[in-house]
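Tertiary structure, described
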Amino acid sequence: MSRNPRYDILFDPVRIGPVTAPNRFYQAPHALGTGNQMPHTRAAMREVRAEGGWGVVNTGYCSIHPSADDMPLPYCRLWDDEDIKVHSLMVDAVHRHGALAGVELWHGAGGVGNRLTRMTPMSVSGVSPGSPYPGWINLAKSRPMDRQDIREFRRWHVDAAKRARSAGFDLVYIYAGMGYGPYQFLLPWMNKRTDEYGGSLQNRARLMQEIIEDVKEAVGQTCAVAVRFSPSELLEIPGETQESEAHEVISMMADLPDLWDIKSASWVVETRSARFCGQGAQEPWTAFVKPLTSRPVVGVGRFTSPDEMVSQIRRGVLDLIGAGRPSIADPFLPSKINEGREDEIRECIGCNICVSSYHDGVPVRCTQNPTMGEEWRRNWHPERVPPGDPEKSTLIVGAGPAGLECARVLGLRGFAVTVAEAREELGGRVTIESKLPGLATWARVRDYRTNLVQTMGNVDIYRGSPLSTQDVIDFGCDHAVIATGAHWTREVLSTNGTPAGEIEGETVYTPDDVLAGAELDGTVVIYDFDHYYMGGCLAEMLRQQGSEVTIVTPASAVSAWTFMNNEMAEIRGRMIELGVGIELEQYLTGFENGRVHLSGIYRASDVRSIDCGSLIIVGARSGNDELFLELSSDAGRLAKAGIDSLRSIGDCRAPGAIAHAVYAGHECARSIDPADDGGAIEWERARLL
Ligand code: ADP
Ligand code: SF4
């Protein structure tokens, strides 16, 4: 297939100072969860994007000095010459595919805790950014920077840029955004200085300008110098000569850097999930920049549609299409557009599991792309799988995310695949859950896979086909995979937080009941100890339908786990807007006579009851493993039926997030009659010299 000429503009080369990007696809700097500790994993995770056609591939934030230490969050670093070779590995990998490699040099200034290095953090005036969230509270506050500190701060940028050049990077960044480095100097509420670095905007911008000049002088002949800038807060401050101080900063340094990379000042806002915003949501912060500079401008916006990308360019918003999440979900997105295969793009669903993995301190994982993070240690490629045996037949029972991913990969491998799905609709839980408010994009997990398997001649799908044990035996395949999902239970917790049995009652419901259309009466209480999206989404849906709703949870926040994927604050805001009642830090101990009994988690004596017509318990899930258990209980019968292997995968085996089910489906499909190394994992570990 050939490229749609409508998308030709996306493949124009773009000059960035002394280097040229081969196209407009720009993997923007984004955290990867690997740091310098996992150089092979990191190099492979970046390389696959270069191979997939991204013209520029950047590192995540890269500390320039031990005084910028973000532990326990994984960041990479260029503190001294010893750190260079770790980066060369990635640069060489990216260059192998003709892409440019960039490094996001970063100093967190007062925004770091220096927990590892134990250096006193320093900031423009000793004012540290605050946070109400325990995970982000730094007990070590910052000290004000004196003139000597500022001189060193400039020198560290230059030294790191020279090291970056030695590592082979084509682009070096100066990070002046999101509360970090010279950005803190720009903000009048952080910058209280009375010297030449404080006061007027000219003075507040001085350090940023000096660093750009220093770095350009040091490496600007060979490396492009990019500036990452967050205008959102300065856009709120009226300028003296222009609309805002953000306009003035850009104008002041208009053509000084070789590239402007524009992003929100907040990590949470920058990574808003699809539940709260669509693609292109950062345009209000990026659109004003291009008229003020002749340098190329890049910005992100969870762009997955080539038409939207073209629109960004034609409307003069961006020159390069920045991507973090879309490049994780589909490293081959540019190649697919180039080859006229847009309908094969594995679109990001905006769920932010990737964000949560970075917060977990592990390599980024992705709901849509189970190979992300496994490129090096498991040798998994997002587009290629080892061939299987076309003579071997496989039966997959259940077409949820696990079953569909398993079918896609087995189909690609060449096996004869049959999928039996009990319902008429494919997709399992994602088909049901994508009807919840804000979760429509989740259906992409189904659509990407069904679109592909339906074109494969070796994959047959039977809808409306609930299989029994005997059906599986009668079918007689070489390999049977049971992917029958899970169901929610009515189990509650004891006041120790351990399972305490189920609550029974005619008006006690699970999310399955509600999503199947159960009619609820009176005030609805949602008891949520699942802590992810389901409790909040049901509350939102039921409020929209006119019910009075109260969420009760033992946690200190609604949907408490969503702190990890940056959704928590918006979910709480949405609950407040909708008038959902919120009862935090409460166990639910009983339900009778139209009231639920609550017990405070801190003191057993804090007991009370509140009105409840219908109770929805959003807590535990249990695998639908009866079919698997029955089949596996009789090895002789399996052997007689010629079934060589029987596996259960996904929620059936162990309920989890959609990402876990997709991963399980993928892993299973690669491990059936393995053609490669049998699934061996190479753990990346420190090696003694
Ligand atoms: P997962 O997330 O693990 O893929 P889902 O719950 O999303 O799990 O999907 C499981 C799918 O299995 C559902 O679509 C369900 O209808 C289907 N299913 C369950 N039991 C059977 C069965 N006995 N025969 C065929 N399909 C089944
Ligand atoms: Fe997109 Fe979710 Fe994958 Fe992140 S984890 S890249 S948000 S699909």
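What comes next concerns the included structure. (Residues numbered from 1 in each chain as written. Chains lettered and ligands numbered in written order. Predicted model: local features only at pLDDT ≥ 70, side-chain atom pairs only at ≥ 80, totals over all residues. Heavy atoms only, no water.)

Things to note about the sheet that holds strand β25 (residues 586–592)
- Taken together, 3 strands build an open sheet; the order of strands is β25-β26-β27 and the sheet is antiparallel. Bordering the open sheet on either side are β25 and β27 (607–611), each of which pairs with just one other strand. Averaged over all pairs of adjacent strands, the angle between strand axes in this sheet comes to 30 degrees, irrespective of strand direction.
- Pairing of strand β26 (residues 595–600) with β27 involves 5 bridges; the strand directions are antiparallel. Bridge pairing links Ser 599 to Val 607 in β27. (Pairing = 2+ DSSP bridges. Helix = DSSP H or I, 4+ residues; strand = E, 2+ residues; numbered from the N terminus. Axes fitted to C-alpha atoms, helices over the stretch in contact; angles between N-to-C directions.)

What about the site of ligand 2?
- Close to ligand 2 lie Arg 325, Ile 328, Cys 348, Ile 349, Gly 350, Cys 351, Asn 352, Ile 353, Cys 354, Arg 365, Cys 366 and Thr 367.
- According to the grid-proximity analysis, the pocket containing ligand 2 is the largest cavity. (Near = heavy atom within 4 Å. 1 Å grid on protein atoms, 1.4 Å probe; cavity = no way out; pocket = protein on both sides within 12 Å on 5 of 7 lines; lining within 4 Å. Sits in = over half its atoms within 2 Å of the grid points.)

Some words on the site of ligand 1
- Residues in contact with ligand 1 amount to 21 residues; listed here are only the nearest, Ala 402, Glu 421, Arg 429, Leu 467 and Asp 651.
- Taking Ala 402, its main chain carries an N or O atom lying 2.9 Å from an oxygen atom of ligand 1.
- At a separation of 3.0 Å, a nitrogen atom of ligand 1 approaches a polar backbone atom of Ala 422.
- Coverage of ligand 1 by the protein chains reaches 89% of its 580 Å² of free accessible surface. (Polar contact = N/O pair within 3.5 Å; in protein donor to acceptor, adjacent residues only side chain to side chain. Areas by Shrake-Rupley, 256 points an atom, 1.4 Å probe, with all protein chains shown as cover.)

Comments concerning the layout of surface pockets
- Quantified by volume, the second largest pocket comes out at close to 870 Å³.
- In terms of lining residues, the second largest pocket is bounded by 39 residues, among which Gly 656, Ala 657, Ala 659, His 660 and Ala 661 are the most central.
- Of all the elements in the fold, those that place two or more residues in the lining of the second largest pocket are α13 (353–360), α19 (533–544), β30 (645–648) and α23 (658–671).
- Of the residues forming the lining of the second largest pocket, the biggest block, 8 residues, is contributed by α23.
- For the lining of the second largest pocket, a count of residues per class yields 19 nonpolar, 9 polar and 11 charged. (Points joined across faces, edges and corners; volume = space filled by probe spheres on them. Nonpolar A, V, L, I, M, F, W, Y, C, P; charged D, E, K, R; others polar.)

Observations concerning the environment of Ile 313
- Examined against the element boundaries, Ile 313 turns out to sit in helix α10 (residues 306–314).
- Residue contacts for Ile 313: discarding those within four places in its chain leaves Ile 9, Leu 10, Arg 24, Leu 318, Asp 319 and Ile 321. (Contact = heavy atoms within 4.5 Å.)

Remarks on the pattern of salt bridges
- Counted according to the given criterion, the structure contains 49 salt bridges.
- For Asp 513, the salt bridge goes to Arg 490, with nearest N and O atoms at 2.8 Å. Taken as a pair, Asp 513 in helix α18 (residues 511–515) and Arg 490 in the loop between β18 (486–488) and β19 (491–493) lie far apart in primary sequence, 23 residues in all.
- Taking the relative accessible area as the measure of exposure, Asp 513 reaches 24% and is therefore partly exposed.
- Residue Arg 490 is classed as partly exposed on the basis of its relative accessible area, which comes to 23%.
- Residues joined in a network through salt bridges with shared partners are Asp 330, Lys 336, Arg 346 and Glu 383. (Salt bridge = Lys/Arg side-chain N within 4 Å of Asp/Glu carboxyl O. Buried < 20%, exposed > 50% of the residue type's maximum accessible area, 1.4 Å probe, protein only.)

Remarks on the sheet that holds strand β24 (residues 581–583)
- The strand order β21-β28-β22-β23-β24 describes an open sheet built from 5 strands, whose pairing is parallel. Taken across any chain shown, the strands that pair with only one partner, and hence form the sheet edges, are β21 (508–509) and β24.
- As defined by bridge partners, β21 adjoins strand β28 (residues 614–618) across 2 bridges and the pair is classed as parallel. Its bridge partner being in β28, Tyr 509 is matched across the sheet by Ile 616.

Side note on unusual backbone geometry
- Here the residue pair Met 71 and Pro 72 is connected by a cis peptide bond, since its omega of 10 degrees sits within 30 degrees of zero.
- Structurally, Pro 72 is set in the loop between β4 (56–63) and β5 (76–77).
- The backbone phi angle of Ser 559 is positive, close to 50 degrees, even though this residue is not glycine.
- Secondary-structure assignment places Ser 559 in the loop between β23 (549–552) and α20 (568–578).
- Overall, the relative accessible area of 2% leaves Ser 559 in the buried class.
- Not every positive phi belongs to a glycine, and Glu 585 is a case in point at roughly 60 degrees.
- Its location among the elements puts Glu 585 in the loop between β24 and β25.

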